[in-house]
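Overview (structure and organization)
Now for the letters of each chain:
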Amino acid sequence: MADAFALSHRCVLHLDLDSFFLSVHKRRDPTLPLDSKPVVLYQFQDVICANRTAKALGVRKHMRPREARALVEPHGGLVKHAFCRDWPGPRVRYGPYNAASREFFDALADALTATGGGAAIERGSIDEAYVELARPRDPAAFCGRLRSAVEGATGLRVTVGCGPNKLLAKLASSAAKGTDAAVRVVDGGAAVERLLAASPAS
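Quantities reported herein were computed from a predicted structural model and do not represent experimental measurements. Throughout, residues of each chain are indexed from 1 in the direction in which the sequence is written. Restriction of local features to residues with pLDDT of at least 70 applies here, the model being predicted, together with a cutoff of 80 or more for giving and counting side-chain atom pairs; totals for whole chains, interfaces and linings are based on all residues. Water and hydrogen atoms play no part in the side-chain values, which are based on all heavy atoms of the structure.

1. Quick look at the pairing of strand β1 (residues 10–17)
Only protein chains enter the accessibility calculation, which uses a 1.4 Å probe; a residue whose area is less than 20% of its type maximum is buried, one above 50% is exposed, and one in between is partly exposed. We count a stretch as a helix when DSSP gives it H or I for four or more residues in a row; a strand needs E for two or more, and each element gets its number in order from the N terminus. β1 sits mainly inside the fold: seven of its eight residues count as buried. Pairing between strands is defined by DSSP: at least two bridges between them are needed. The sheet contact formed by β1 and strand β8 (residues 128–134) spans seven bridges and is antiparallel. The residue bridging Cys 11 from the neighbouring strand is Leu 133, located in β8. Pairing analysis gives six bridges linking β1 to strand β9 (residues 158–163), with the strands arranged antiparallel. Across the sheet, the residue bridging to Leu 15 is Val 160, located in β9.

Here is the structure:
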């Protein structure tokens, strides 16, 4: 019997920009210690982004900034506000984030075109994309090259998951975060079982 979860003629990729909002801030401030200290970003009394170090200390999205500050400051961490403009009134300035997002999608489209085209890109959010394409001969190597091309063009860190559908591709990219390769391919029922066993339920 055919394996329902095996990558066949088509597959789905999920590309996710790591700590996107903070990475955009690091472009403006290269001294931001994303790799060495817990860093949190908030807007309107709502945490919108935390790096892996901050998450390991218990910081979560939509936490109040004062709660996040209590978790990270004892460890030398930082809590920063999103970009703001002063007129009309103090409001979050989304321009830098939207510009970085456009760079990401443009770089992804260019990288896929360079491979011969035939891929469909779907915007998942400001910092994530789904790609449906013909199954590459070596999915892991293809994802690695795609990741390198996008990172080289944007300077933003990317994690890639590959699976037979969107859900498994997204779970795969989540599982790949923090790994050296930053790529996870899920191919076949046994691989799906291993992925689901290691994935949090929430």
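Now that the structure has been shown, the text picks up again.
2. Some thoughts on the nonpolar core
With 39 residues, the main nonpolar core has Leu 13, Leu 15, Phe 20, Phe 21, Tyr 97, Leu 108 and Leu 146 as its most contacted residues. Elements with a minimum of two residues in this core: β1, α1 (20–28), β2 (39–43), β3 (46–50), α4 (95–114), β8, α5 (139–154) and β9. Top element by residues in this core is α4. It accounts for eight residues. Every residue pair with non-hydrogen atoms within 4.5 Å of one another is taken to be in contact. Ignoring any residue separated from it by four or fewer positions in sequence, one finds Phe 20 in contact with Cys 49, Tyr 97, Ala 100, Ser 101, Ile 126, Asp 127 and Leu 156. Side-chain atoms within 4.5 Å are what join buried Ala, Val, Leu, Ile, Met, Phe, Trp, Tyr and Cys residues into a set we call a nonpolar core. Counting residues in hydrophobic clusters, the runner-up holds ten residues, among them Val 40, Ala 54, Val 59 and Val 79.

3. Remarks on the sheet that holds β9
One open sheet accounts for five strands, arranged β7-β8-β1-β9-β10; its pairing is mixed. In this open sheet, the two strands that pair with only one neighbour each are β7 (120–125) and β10 (183–185). Sheet twist, expressed as the average angle between the axes of neighbouring strands with direction ignored, equals 15°. Here β7 runs beside β8; their pairing, made up of five bridges, is antiparallel. Along β8, the bridge assignment pairs Ala 120 with Glu 132. For helices, the axis comes from a line fit to the C-alpha atoms of the stretch in contact; other axes are also lines fit to C-alpha atoms, and the angle between any two N-to-C directions lies between 0 and 180 degrees.

4. Examining the layout of surface pockets
Its volume calculated, the largest pocket comes out at about 1,000 Å³. The definitions used throughout rest on a 1 Å grid laid over the protein atoms alone, on which a cavity is an enclosed set of points accommodating a 1.4 Å probe that cannot get out and a pocket is an open set flanked by protein within 12 Å on both sides along at least five of seven lines; lining residues are those having an atom within 4 Å of a point. Forming the walls of the largest pocket are 29 residues, and the residues nearest its centre are Asp 16, Lys 55, Lys 61, Ser 174 and Lys 177. Of all elements in the fold, only β1, α1, β3, α2 (52–56), α6 (166–176) and α7 (189–198) reach the threshold of two or more residues within the lining of the largest pocket. For the lining of the largest pocket, the element with the highest residue contribution is α6, accounting for five residues. Amino acids outside the nonpolar list (Ala, Val, Leu, Ile, Met, Phe, Trp, Tyr, Cys, Pro) and the charged list (Asp, Glu, Lys, Arg) are all regarded as polar, and Gly is one of them. Counted by class, the lining of the largest pocket contains twelve nonpolar, seven polar and ten charged residues. Grid points are joined across faces, edges and corners, and a volume is the space filled by probe spheres set on the points. Volume-wise, the second largest pocket comes out at about 280 Å³. Mapped onto the lining of the second largest pocket, the elements with two or more residues apiece are α1 and α2.

5. Things to note about the sheet that holds strand β4 (residues 78–81)
Strand order in the open sheet formed by three strands is β3-β2-β4, with mixed pairing between adjacent strands. Bordering the open sheet on either side are β3 and β4, each of which pairs with just one other strand. Across the sheet, the axes of successive neighbouring strands diverge by a mean angle of 35°, strand direction being ignored. Pairing between β2 and β3: four bridges, direction antiparallel. Within β3, the position partnered with Gln 43 by the bridge is Asp 46.

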